[in-house]
Amino acid sequence: MKEFEIVGMKTIGNVELLQKPHARIGVYASRQLDNAESIIRKQWAISKGRRHKCVVGTFHSQSECEILYYVLKYGGSAVWFMGCKLPDTLPDFCKKAVKSGRLLMVSCFNRERHNLATARYCMHMVDLASSYLVFWALEGSRMLGPIHARAVARGKWVESF
């Protein structure tokens, strides 16, 4: 994978996570997920963490945040594309991951909160920065459907739960 550069990019953490030519797993999880999928998603994230995989996401939804938490807790790494400015303070699990070189937070925006346009931009960046994509609760999602369709049309490996 070629070097990744975004105009106006600001970062916290290990930039090599985005530059190294290794497999990165793009994760997307709809806000409409039910609790039955929660256990499978948690097990999936723990297994990726234990195998020291790198996930990429916007981590906007609660389900995506849970994936981030478990991947980092169990030793994996993550690239977090943010649709708002970088935070002034980090949760403890993020501080620990930044300190150990397992987390990169990326932003091109100077806004307090993400909006629809910045969220879509970041979701597109997740696709571009990933070797393959994993979707949770794709059905019925206005935002995830087009990303999935584009990835499939380009021949990118896609997994759906």
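Described below are features of the structure shown in this document. (Residues numbered from 1 in each chain as written. Predicted model: local features only at pLDDT ≥ 70, side-chain atom pairs only at ≥ 80, totals over all residues. Heavy atoms only, no water.)

**Comments concerning the nonpolar core**
The tendency in soluble globular proteins is for nonpolar side chains to be buried side by side.
Here comes step 1: Judged by nonpolar contacts, the single largest core of 26 residues is most densely connected at Trp-44, Val-55 and Leu-103.
Here comes step 2: The set of elements that each furnish at least two residues to this core consists of strand S2 (24-29), helix H2 (35-50), helix H3 (62-73), strand S4 (77-82), helix H4 (92-99), strand S5 (103-107) and strand S6 (132-136).
Here comes step 3: No other element matches H3, which puts five residues into this core.
Here comes step 4: Setting aside anything within four residues of it in sequence, one finds Val-55 in contact with Ile-25, Val-27, Trp-44, Val-71, Ser-77, Ala-78 and Val-79.
Here comes step 5: Formed by 20 residues, the second largest nonpolar core is a distinct cluster that contains Ile-6, Val-126, Ala-129 and Leu-144. (Core = buried A, V, L, I, M, F, W, Y, C linked by side-chain atoms within 4.5 Å. Buried < 20%, exposed > 50% of the residue type's maximum accessible area, 1.4 Å probe, protein only. Helix = DSSP H or I, 4+ residues; strand = E, 2+ residues; numbered from the N terminus. Contact = heavy atoms within 4.5 Å.)

**As for the layout of surface pockets**
Here comes step 1: For the second largest pocket, the calculated volume is near 170 Å³.
Here comes step 2: In this structure, the second largest pocket is lined by Thr-58, Phe-59, His-60, Cys-65, Trp-80, Met-82, Gly-83, Cys-84, Glu-112, Arg-113 and His-114.
Here comes step 3: Tallied by class, residues from the lining of the second largest pocket come to five nonpolar, four polar and two charged. (1 Å grid on protein atoms, 1.4 Å probe; cavity = no way out; pocket = protein on both sides within 12 Å on 5 of 7 lines; lining within 4 Å. Points joined across faces, edges and corners; volume = space filled by probe spheres on them. Nonpolar A, V, L, I, M, F, W, Y, C, P; charged D, E, K, R; others polar.)

**Quick word on the pattern of salt bridges**
Here comes step 1: Counting across every chain of the model gives five salt bridges.
Here comes step 2: For the salt bridge of Glu-66 with Arg-41, the shortest nitrogen-to-oxygen distance reads 3.2 Å. Highlighted residues: Glu-66 in helix H3 and Arg-41 in helix H2, separated in sequence by 25 residues.
Here comes step 3: According to the relative accessible area criterion, Glu-66 is partly exposed, its value standing at 26%.
Here comes step 4: A salt bridge links Asp-92 to Lys-95; its shortest N-O distance comes to 3.9 Å. In this pair, Asp-92 and Lys-95 are both assigned in helix H4, three residues apart and thus about one turn of the helix distant. (Salt bridge = Lys/Arg side-chain N within 4 Å of Asp/Glu carboxyl O.)

Everything listed is a geometric property; what it means functionally is a separate question.
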